[in-house]
Amino acid sequence: MRNDGRPIPTLEVSAAQQQIHLHTFFILQEVTATSRHYVDRLFDPDPQNVLQGVIDMKNAVIGNNKQKANLIVLGAVPRLLYLLQQSSSSLELRTECAVVLGSLAMGTENNIKSLVDCHIIPALLQGLLCSDLIFIEACLRCLRTVFISPVTPVQLLYTDPTVIPHLMSLLSRSRHTKEYITQIFAHCCKTPEHQTVLFNHSAIQNIAPLLISPSDKVRMQALKCFSVLAYENTQVSMTLVNVLVDGEQLSQVFVRMMQRDKPIEMQLTAAKCLTYMCRAGAIRTDDNCIILKTLPCLVRMCSKERLLEERVEGAETLAYLMEPDVELQRIASFTDHLVSMLADYFKYPSSVSAITDIKRLDHDLKHAHELRQAAFKLYASLGSNDEDIRKKITETENMMDRIVSGLSESSIKVRLAAVRCLHSLSRSVQQLRTSFHDHAVWKPLMKLLQNAPDEVLVMASSTLCNLLLEFSPSKEPILDSGVIELLCSLTQSDSPALRVNGIWALMNMAFQADQKVKVEIVRALGTEQLFRLLSDPDTNVLMKTLGLLRNLLSTRPHIDQIMSSHGKQIMQAVTLILEGEHSIEVKEQTLCILANIADGNTAKELIMTNDDMLQKIKYYMGHSNVKLQLAATFCISNLIWNEEDGSQERQDKLKDMGFVDILHKLTQASDPNLCDRAKTAMQQYLA
Amino acid sequence: RSDLALNEQEKDLNQRLRRLYPAVNEEETPLPRSWSPKDKFSYIGLSQNNLRVHYKGHGKTPKDAASVRATHPIPAACGVYYFEVKIISKGRDGYVKYMGIGLSAQGVNMNRLPGWDKHSYGYHGDDGHSFCSSGTGQPYGPTFTTGDVIGCCVNLINNTCFYTKNGHSLGIAFTDLPPNLYPTVGLQTPGEVVDANFGQHPFVFDIEDYMREWRTKIQAQIDRFPIGEREGEWQAMIQKMVASYLVHHSYCATAEVFAKSTDQAVHEELASIKNRQKIQKLVLSGRMGEAIETTQQLYPSLLELNPDLLFMLKVRQFIEMVNGTDSEVRCLGGRSPKSQDSYPGSPRLFNSPVHKASSSQTYQTGIGDVITDHLHFLLSPGFDSNYCNGVSSSKGHTLAHSHKSCPRTMPSPELGVLNGSRGQQTNVGAEVEMEVDHFSNGVSESSSNGFLNGSSTHGIDLEECDGDMEVDSAQSKRQLCGGSQAAIERMIQFGRELQSMSEHLRRERGKNSANKKMLKDAFSLLAYSDPWISPVGYQLDSIRREPVCSTLNSAILETHNLPKQPPLALAVGQAAQCLSLMARTGSGSCAFASVDDYLH
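All of these numbers come straight from a predicted model, not from anything done at the bench. (Residues numbered from 1 in each chain as written. Chains lettered and ligands numbered in written order. Predicted model: local features only at pLDDT ≥ 70, side-chain atom pairs only at ≥ 80, totals over all residues. Heavy atoms only, no water.)

Undergrad: Hey, could you run me through the overall build of chain B in this one?
TA: The secondary structure content of chain B amounts to 21 helices and 14 strands. The burial tally for chain B puts 51% of its 600 residues in the buried class. Intrachain contacts of chain B at a sequence separation of at least 6 include 68% that bridge at least 24 residues. Summing over all exposed atoms, chain B offers an accessible surface of approximately 28100 Å²; the carbon and sulfur share of this is 52%. (Helix = DSSP H or I, 4+ residues; strand = E, 2+ residues; numbered from the N terminus. Buried < 20%, exposed > 50% of the residue type's maximum accessible area, 1.4 Å probe, protein only. Contact = heavy atoms within 4.5 Å. Areas by Shrake-Rupley, 256 points an atom, 1.4 Å probe, with all protein chains shown as cover.)

Pasting the structure below:
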């Protein structure tokens, strides 16, 4: 407390009187009081005093988060912004204001929120129109700090359409403008629209020369700009390949930035740029800069020596790079023991970290989910095409157990990645027969399907399709678990992908199934839904539904039974499809169904008594497409087959309708299959 | 034509190896360059300069396996070593394609594939397994066959090994490798053929990138080496070292300024430093007579107590007389000694030609440069050979140059500048030529008598010399003792005095082979019509003054109880020694820690 005899300000007296017992609060009051003093000085009538006040404030807030918060609470920000915008303020004062604001922004996220709420962004952007470089740099520095915070809406950069071109024009003014502006771009380019805006304002031409800047920071931020610009953007990627920096191709500049003695962040970001350019089709996957440089660089990023964040990014980028290319997958699978290196991603938090270091445990825990999902993604990508790689993956220590537990993790990201991985591995016949069954992966998968977001459902149901394949030993237990109802409900989903997967799984399930299963499918799905699916706007859904019908209508007793109960509707649906505008594949599938119906004992009559249908078959026997001719001929062949009751009558009727002439003609067909089929049919008449 | 191609390949190879393994001293530890025709099993055939290996056994059972080692083991000073093998043919059908690429120690049975025995390591093509001193392999990488290029990299820092296939790293195969392994391949199938690349061609795998990573790692390790709480001491120690270095070499002005600005005492009186500086200047400018005289004045008992040192100085004086630079003969030649002082009077600044222009100012302004340049000189491993090259290449191309730049005038320091600006490595040699030329230029037209015959009549014993006598003296442009007859006579007389001094020394102190050789070499100069281009002409080189100067300087310092070598030079020398010791004891990190890297 003061005892220097001077009159004590009232504020402090009252504070002291009221809070004398609450020590901590008292201290806060005292701090607030000194902070108040700083704010008061901003209102001094003498501009020289104001300037000195701002300078003192600058020195007081450096590194002092509490002081920053106090000043914000006491309303320093609007006053500083006012002084910054006043044209009557001296340039020096305006600059110091920008510096203090930049310092305040360096504090907590709450600070940033308060600053943004005070409309600091438009005020600073306005400041950029000034001609003084020092002032511009101070504004840019503060803008940079505000924009790179996760709490700032990046859209604020794009509200005023004149801002981006102005920033482009300021870019080359100084080392600092280069650094701050590229850093702002790198953080605020989050959507394809942002990419387009920046691209249209010549971001590439303006930023490319900065890649060879003598400043490490500028080079790094410029590189980051290119990685966010090129991400899933064909236009940008295609432009980038033709850019020359100091006579050198941009891709070669990136390759140099991946050299092993460069900072890890630089290597990783350069690898991202090349990955995005490659995925956009701007660089071939067999280009040396991908195969010999980018891929090995990303594999190195997955190594144990790297930081956890780098390992996550490395694995995700690598997964993305090689997703569509089996050769890259093969090379990656034997590069630097990648497959077993990834197993380490599952060992966080390690048992050691828990005991020795609480900070480390915290860090590990934070990244554990990210690591696991990244590893699953990379495994999924690695195993998406090659059987040997899948085998290698499933043989990695505890792999199947890890997937199984990943499927039921709390983090959606991990669950999704785990099911993607399982899906990729489920393309292997051998794995379906062995490891998948041994680890009963169907159980957590079924659980996952009960209640999950669409994203997960699509992957899970797609995996289920493979597990329901005829040779999969998991098929039986899945059937017993009430999967049919679940799949039928999927066919009613709004998402075409889910409808396809639902009906696809049912199709696989019906393949060579027991009568009981087939009846159950028809019952659970309901004919109404079945016919709704037959008019589905999605061709894939239609195809799989026809496939389901075809699988249901196999073996004579099954055909007759289903046709006796649903014959009318099925014939109607077939007619509709054959009359409608559909692809060859759809029509072929439909004709195959018809051929199956023709194979039934009693079901045959549904065709024989339908002259309209017979005319259609005749039409397709003369169609220009061999596949359709073949399917139609197959149908006729079934109808006139000798050994069955009533074959004579059917043969006569069809002969009268002119089918024999057509068959005769088809025996001369150039397609050997069609020719054989027609000959076999003709023989029925001769016997 | 193929010879030409072969030479080209040899050049490529040497260049690549030097670039990859700059720390390797090939005189001590040669690098593998081919397979050894002596160190192989009989079923192995070699061709194409011992780079191609083919199998010529039955290949029926593992007993038919055969291996070959490279000519030399991998030197530890490589840091990271790499070679590649291309599979030219996987061998005849109907056989299992056993083929192993790897490493083995000397003496490991060659009737086996690499990896099967102790101290033997291999990666096999048939199953892709790695074999670590064991008959059973571990799953390691993909299989390999015709057309594949397999690389093997040994990291001598952490003693691991990894392989590459077609330029892709397959990851660590072996750890805890023993030292001195040889590149090895083994075959077991009739018709198998493989080609090795020890650096003859560019590698498929980017090994230099991998080396970059390790260089960065090692350098970061050095940079981060903890100094601990002694940080303050650390700085003081460095300042002390710098100061003592400056004092040692008598850079008095610089030493004074440095001591003042770093707040330390100079452990020798300024006057004493200046004295030493004076003597050094005299020695380095070839004025030996004056140097000896000054030494005797300033340090009266020094030479008395060191008769061998005095003898050495006198021999040098004799050489300088032949050269025409010693003050005694110069007086006789009638030229002002001052103007002949072409030597800046300090240790040579090899890599800093700019400073030679204003040598007197250098000591005041260019502290840092002087030091590093001088360190360079101290460290320069090829010191002697550089010097020799300089002399042997003095075939007169600079002669014309010097004629143009200063016809018939005394040599001046500026000429040294012209000369020095030519480049770094050749600098030494080039400047030596110039100085030799200057003196001859100055006098070549004044008199041209062949002195050769005359000298033998003066009774100097030249019987022991059996070098080639050059009779054709007319072409010589340089002249003994500057061409003055009186000077020659004085030189001859001095030679006689030297001879008797030598005899006296032998009687007093017993035989001294070093002294004997010194004298013999010096006298041999007179056996040639043009001593400067003779096999013993190197003695005339001004660079030869430096060891003399430094020996004298050290002797003076020793009498003052000061170290005869500056601690800084000692530390630098020790670091260099340490690195070569590391190379010998198998610590590969010496490859990426060159002392030179830290002196720039």
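Undergrad: Explain the overall build of chain A here, please?
TA: Scanning chain A for helices and strands turns up 44 helices and two strands. Scaling as 2.2 N^0.38, a compact globule of 687 residues should have a C-alpha radius of gyration of about 26 Å, whereas chain A reaches 36 Å, well beyond that. Judged by the C-alpha coordinates and their principal axes, chain A covers about 130 × 65 × 45 Å. Within chain A, buried positions represent 55% of all 687 residues. Counting contacts in chain A only where the partners sit at least 6 residues apart, residues at least 24 apart contribute 67% of the total. Just so you have it, chain A exposes about 30700 Å², and 52% of that area is on carbon and sulfur atoms. (Rg over C-alpha atoms; globule rule 2.2 N^0.38 Å.)

Undergrad: What exactly am I supposed to notice about the pairing of strand β13 (residues 182-187) of chain B here?
TA: Two faces make up the sheet, and in a regular strand the side chains alternate between them. All names here are of chain B. With respect to burial, β13 is a largely interior element, six of its six residues being buried. Side chains Y182, T184 and G186 of β13 all project onto a buried face; the interleaved residues P183, V185 and L187 project onto the opposite face, where all are buried too. As defined by bridge partners, strand β4 (residues 66-70) adjoins β13 across four bridges and the pair is classed as antiparallel. Bridged to R69 within β13 is T184. Looking at chain direction, strand β6 (residues 99-104) and β13 are connected through six bridges and run antiparallel. (Pairing = 2+ DSSP bridges.)

Undergrad: Would you mind showing me how to read the UniProt feature "domain: B30.2/SPRY" (unreviewed entry) in chain B here?
TA: As recorded in UniProt, the feature "domain: B30.2/SPRY" (unreviewed entry) lies at residues 13-203 of chain B. Secondary structure across residues 13-203 of chain B comprises 4% helix and 41% strand; the distance between its end C-alpha atoms is 12 Å. (UniProt positions renumbered as here; feature names shortened; annotations may be inferred.)

Undergrad: In this structure, what is going on with the pattern of salt bridges? I would like to understand it.
TA: Considering all chains together, one arrives at 51 salt bridges over all chains under this definition. The salt bridge involving R52 of chain B is made with D195 of chain B; its shortest N-O contact spans 2.7 Å. Of this pair, R52 of chain B sits in strand β3 (residues 52-55) while D195 of chain B sits in strand β14 (residues 192-197); the two residues are 143 residues apart in sequence, bridging distant segments of the chain. Each of the salt bridges in this network shares a partner with another, and the network as a whole consists of R260, D261, K262 and E305 of chain A together with D209, R212, E213 and K217 of chain B. (Salt bridge = Lys/Arg side-chain N within 4 Å of Asp/Glu carboxyl O.)

Undergrad: It is not clear to me how the nonpolar core should be interpreted in this structure. Could you clarify?
TA: As a rule of thumb, soluble globular proteins bury nonpolar side chains together. One finds F254, L594 and I607 of chain A to be the most contacted residues of the largest nonpolar core, which totals 245 residues. Per element, the largest residue contribution to this core is ten residues, and it comes from helix α17 (residues 264-279) of chain A. Among residues more than four places away in sequence, those in contact with F254 of chain A are L211, L223, F226, A270, C273, L274 and M277 of chain A. L20, L51, A77 and V85 of chain B belong to the second largest nonpolar core, which has 67 residues in total. (Core = buried A, V, L, I, M, F, W, Y, C linked by side-chain atoms within 4.5 Å.)

Undergrad: Would you take a moment to explain the domain arrangement of chain B for this structure?
TA: By a frequent convention, interface size equals the accessible area lost on bringing the separate parts together. Residues and elements named next belong to chain B. Looking at chain B, the domain boundaries give domain 1 (1-221) and domain 2 (233-332 + 482-591). Computed over C-alpha atoms, the centres of domain 1 and domain 2 are 51 Å apart. At the interface, nine residues of domain 1 touch eight residues of domain 2. Of the roughly 630 Å² buried between domain 1 and domain 2, counting both surfaces, carbon and sulfur atoms make up 62%. The largest contributions to the domain 1 side of the interface with domain 2 come from E28, A76 and A77, which together make up 49% of the buried area. Taken together, the links from domain 1 to domain 2 amount to one salt bridge. The closest approach of N and O atoms between R584 and E28, which form a salt bridge, is 2.9 Å. Here domain 1 is connected to domain 2 by two residue pairs in polar contact (both at pLDDT 80 or more). Considered class by class, the residues forming the side of domain 1 that touches domain 2 number seven nonpolar, one polar and one charged. (Domains from an automatic or database assignment. Buried area = accessible area lost by both parts, 1.4 Å probe. Polar contact = N/O pair within 3.5 Å; in protein donor to acceptor, adjacent residues only side chain to side chain. Nonpolar A, V, L, I, M, F, W, Y, C, P; charged D, E, K, R; others polar.)

Undergrad: What is the right way to look at the packing of aromatic side chains in this model?
TA: Each aromatic ring pair is characterised by the separation of its centres together with the angle its planes make. Residues and elements named next belong to chain B. Tallied over the entire structure, the rule returns 24 aromatic pairs over all chains. Considering the side-chain rings of Y82 and F205, the 5.6 Å spacing of their centres and the 45 degrees angle between planes classify their relative orientation as tilted. Taken together, the residues Y82 in strand β5 (residues 80-90) and F205 in the loop between β14 and α2 (207-223) connect sequence positions 123 residues apart. Members of the aromatic cluster, each reached through a chain of ring pairs, are Y82, F162, F203, F205, Y210 and W214. Over the ring of W214 we find K217, and its NZ or CZ is 4.0 Å from the ring centre. (Phe/Tyr/Trp six-rings, centres within 6.5 Å; stacked < 30°, edge-to-face > 60°. Lys NZ or Arg CZ within 6 Å of the ring centre and 35° of its normal.)

Undergrad: What is the right way to read the state of the cysteines from this model?
TA: One covalent bond between the sulfur atoms of two cysteine residues makes up a disulfide. Evaluation of the coordinates by the stated rule reveals zero disulfides over all chains. Take C132 of chain B: it sits in no disulfide, and the sulfur closest to it among the cysteines is that of C161 of chain B, at 9.7 Å. (Disulfide = S-S within 2.5 Å.)

Undergrad: Can you walk me through the interface of chain A and chain B in this structure?
TA: With 13 residues of chain A at the interface, the matching set in chain B holds 17 residues. Across the chain A/chain B interface, buried area totals approximately 1300 Å², and carbon plus sulfur atoms make up 49% of it. The partner of E213 of chain B in a salt bridge is R260 of chain A, with the nearest N and O atoms 2.9 Å apart. When residues of the side of chain A that touches chain B are traced back to their parent elements, those giving at least two are α18 (288-301) and α20 (326-334) of chain A. The residue inventory of the side of chain A that touches chain B, partitioned by class, reads four nonpolar, three polar and six charged.

Undergrad: Even after reading the chapter, I still don't get the UniProt feature "repeat: ARM" (unreviewed entry) in chain A, so can you show me in this structure?
TA: All names here are of chain A. UniProt records the feature "repeat: ARM" (unreviewed entry) at residues 75-111 and 525-567, using the numbering of this structure. Summarising residues 75-111: 76% helix, 0% strand, and an end-to-end C-alpha distance of 12 Å. End C-alpha atoms of residues 525-567 are separated by 16 Å, and the span's content is 81% helix alongside 0% strand.

Undergrad: Looking at this structure, I do not really get the packing of α17 of chain A against helix α19 (residues 308-322) of chain A. What am I missing?
TA: Any two packed helices are characterised by the angle at which their axes cross and by the distance between the axes. Residue and element names in this part refer to chain A. With their axes 10 Å apart at the nearest point, α17 and α19 run at an angle of 20 degrees to one another. Considering their axes alone, α17 and α19 lie roughly parallel with respect to each other. α17 and α19 meet at a crossing whose hand is left-handed. The segment α17 lies against α19, with I264, L268, K272, T275, Y276, C278 and R279 engaging E310, E313, G314, T317, Y320 and L321. For the contact of α17 with α19, a count of residues per class yields six nonpolar, three polar and four charged. (Axes fitted to C-alpha atoms, helices over the stretch in contact; angles between N-to-C directions. Parallel < 35°, antiparallel > 145°, perpendicular 65-115°, else oblique. Left-handed = near helix turned anticlockwise from the far one by under 90°.)

Undergrad: Explain the sheet that holds strand β12 (residues 168-174) of chain B to me, please; I cannot follow it from the model alone.
TA: Hydrogen bonds between backbone atoms are what pair the strands of a sheet, whose relative direction is either parallel or antiparallel. All names here are of chain B. Across the sheet, which stays open at both edges, the seven strands sit in the order β2-β3-β14-β5-β10-β11-β12 with antiparallel pairing between neighbours. Only two strands of the sheet have a single partner each, and these edge strands are β2 (44-47) and β12. Averaged over all pairs of adjacent strands, the angle between their axes in this sheet comes to 25 degrees, without regard to strand direction.

Undergrad: I'm lost on the sheet that holds strand β7 (residues 120-124) of chain B in this one. Help?
TA: Residues and elements named next belong to chain B. Pairing in this open sheet of seven strands is antiparallel, and the strands run β1-β4-β13-β6-β7-β8-β9 from one edge to the other. At either end of the open sheet lies a strand with only one pairing partner, and these are β1 (35-40) and β9 (138-139). Across two bridges, β1 lies against β4 in antiparallel orientation. If you follow W35 over to β4, its bridge partner there is A70.

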